[in-house]
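Reading the structure
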Amino acid sequence: MRLCRRPIRAVVAIPPYCDFYSTPHRFSSLGAKVLADLLVGNGVSVSLLNFPISQKKWPAIPLPHDLAYLAPCMHPGEFGKMSFFTRYHHFGPTLCVCAKAVVDRAPDICFISCFAFSYSPEALELARHIKTLLPQLPVALGGAGPSAHPLYFINHAAVDFVLIGEAEVSIGPFLKAFIDGSIGYHDVPNLYRKQNTISTPSMALTRPEQVTAIVSKTYETGASIYFSTSLTRGCPKGCRFCSNFLTHGATFRKAPLDKIQQAIRSLPLDEAMLKKRVFINFEDDNLLLDPAYFFEVLTLFKRRFGSPLFLAENGIDYTLLSPALADRLVNEGLARFNVSIASISQAVLTKERRSLLLDRYQKAVRAIARRAIPVITYFICGFRDDTKESVSDTLAFLFNEPTLLGISLFYAVPGVGDFEDRNRFEGIPPACCNGSSAYHWNGSLSTKTMATAFRLSRYCNLVKLKKRSGQEEELLRKIRAEKKLFTLVKNKAGTSIAAVENCDEELVRMFFEKCFY
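A brief look at the structure comes next. Computed from a predicted model, the values in this text were never measured in an experiment.

**What to know about the packing of aromatic side chains**
- Summed over all chains, the structure comprises 41 aromatic pairs.
- Look at Phe174 and Tyr185: their rings are 6.1 Å apart centre to centre, the planes differ by 45°, and that puts the pair in the tilted class. In this pair, Phe174 is assigned in helix α6 (residues 167–179) and Tyr185 in the loop between α6 and β10 (191–193), connecting sequence segments 11 residues apart. Note on accessibility: Phe174 and Tyr185 belong to one class, buried.
- Between the aromatic rings of Phe511 and Phe512, the centroid separation amounts to 5.1 Å while the plane-to-plane angle is 70°, which identifies the pairing as edge-to-face. Taken as a pair, Phe511 and Phe512 share a single burial class, namely buried.
- Ring pairs connect the aromatic residues Tyr69, Phe117, Tyr152, Phe153, Phe241, Phe383, Phe410, Phe419, Phe425, Tyr439 and Trp441, which therefore count as one cluster.
- Arg304 extends its terminal NZ or CZ atom over the ring of Phe305, reaching a point 5.9 Å from the ring centre.
- One cation-aromatic arrangement involves Lys478 over Phe486; the distance from NZ or CZ to the ring centre is 4.8 Å.

So this is what it looks like as structure tokens:
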């Protein structure tokens, strides 16, 4: 308990992380911004430090020992549209620099937002560095990572509190307990603490009227400005591989429209910004569960921005998408359709509690293609019941549809289907929980097979690319002629085409046997 006569000061920190890639939308950090807004609404002075985006470029770092198993699938000097991951990065300043930036704000408490369990090492190391500089500073962890495995975080020596689930539920009561002790910590929902005798409190969820409407500028170019938003919570579909329910539950809730209107109106915009092309990206998981609500939301954005273009980076559920609905979405300004099919194997999807409606998918995608709107279809490689046959079937099917391919290599999250026992993660580096790490979680496919599937999906996209360089044309001719995978590499002599080593030749053969040109 802290007895403060002045408003308390808090830092909300998004720690650096290590991975092969990053995107601007990936770290819009909407959850951390919701937390910051809630703190301000409770009278707290807040500094929001988003370390991963504090600079534009980050040098490559050596591949860590934990991911050394990937080295045979990586080719030195490789580049271009047929490549696998090539360079590992630390996105953000050093942890010492980050910790000093936190301490320099002289906070009374530091909240660290951990986007995913795979990035827990950096989050926990930041907590440790902060405690080294200021041992008495309380440190609280929250976000999707701690929500998946709270005991992993609370057992770390540098962590005082873990808040799971949604900040709207817990932050008000937590501040009452933390600032003046007007309630006890045992009365704070979704809270883990070292002194707590209850190791697994039940998770409380927001009511619809509590859901925050958050709209935030993600990045800006000379001609365009991008915003990200998330307006709904929870998904009732229950796919076994999805971790959404660990943070947001399984009931679908929507932010009130008046809250959304207020969030849009409060955006700090100037005349120069309004002259740019505006993109609005929805990070919601299943907006089409209530299409009428979605269209009302689009109308609110159009009233503010005129004719913005809309994106849904987290995907649109094709099982809820008809040609007529797709056509209306195009008319409303949806600039690209990201859809998820997971797999075309009925046997695989039955085990994962996921629907397969191929006819509906094809009708929707072909209707969108007729409007000349791009489609990216995402599938997952590495399910428990996946085989080379099922993966090659999915690749070949999507190759022959008017869509680009987005491959997601299966990764486990503590608490999802088959991984409810958190003890399974003992001894496995959290970095293996990244899709880019191609770890053989289910034992169904090897890292080599998943990396080969990744390259085959890139081959499909290169074939579908309308404009290609002469070197890319030569690369495609060689692949087609030999039915083997090749890639572009740079060396002292310049650039050349090289065979992909450590490739799953059986998967490649199966794919080319099923493709139609």
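We are not done yet, so read on.
**Some points on the sheet that holds strand β1 (residues 9–14)**
- Ordered in space as β3-β1-β7-β8-β9-β10, the six strands form an open sheet in which the pairing is mixed. If you trace the sheet from one side to the other, it starts and ends with β3 (45–50) and β10, each paired once. Across the sheet, the mean angle separating the axes of adjacent strands is 20° when strand polarity is ignored.
- Lying over the sheet, helix α3 (residues 120–133) contacts β1, β7 (109–113) and β8 (139–142), oriented at roughly 165° with respect to β7.

**Remarks on helix α14 (residues 388–399)**
- For α14, which comprises 12 residues, the first-to-last C-alpha distance of 16 Å matches the rise-based estimate of 16 Å (1.5 Å per residue) to within 8%.
- Counting buried positions over the 12 residues of α14 gives nine, a clear majority of the element.
- Regarding α14, the residues found buried are Ser390, Val391, Ser392, Thr394, Leu395, Ala396, Phe397, Leu398 and Phe399.

**Observations regarding the packing of α14 against helix α15 (residues 447–464)**
- One way to put it is that α14 packs onto α15 with a least axis distance of 10 Å and a crossing angle of 10°. Classified by the angle between their axes, α14 and α15 sit roughly parallel to one another. Residues Lys388, Val391, Leu395, Leu398 and Phe399 of α14 form the contact with α15, whose participating residues are Thr449, Ala453, Leu456, Ser457, Tyr459, Cys460, Val463 and Lys464.
- For the contact of α14 with α15, a count of residues per class yields nine nonpolar, two polar and two charged.

Criteria and cut-off values
- Residues numbered from 1 in each chain as written.
- Predicted model: local features only at pLDDT ≥ 70, side-chain atom pairs only at ≥ 80, totals over all residues.
- Heavy atoms only, no water.
- Phe/Tyr/Trp six-rings, centres within 6.5 Å; stacked < 30°, edge-to-face > 60°.
- Helix = DSSP H or I, 4+ residues; strand = E, 2+ residues; numbered from the N terminus.
- Buried < 20%, exposed > 50% of the residue type's maximum accessible area, 1.4 Å probe, protein only.
- Lys NZ or Arg CZ within 6 Å of the ring centre and 35° of its normal.
- Pairing = 2+ DSSP bridges.
- Axes fitted to C-alpha atoms, helices over the stretch in contact; angles between N-to-C directions.
- Contact = heavy atoms within 4.5 Å.
- Expected span 1.5 Å × (residues − 1).
- Parallel < 35°, antiparallel > 145°, perpendicular 65-115°, else oblique.
- Nonpolar A, V, L, I, M, F, W, Y, C, P; charged D, E, K, R; others polar.

All we've got here are geometric facts, nothing functional implied.
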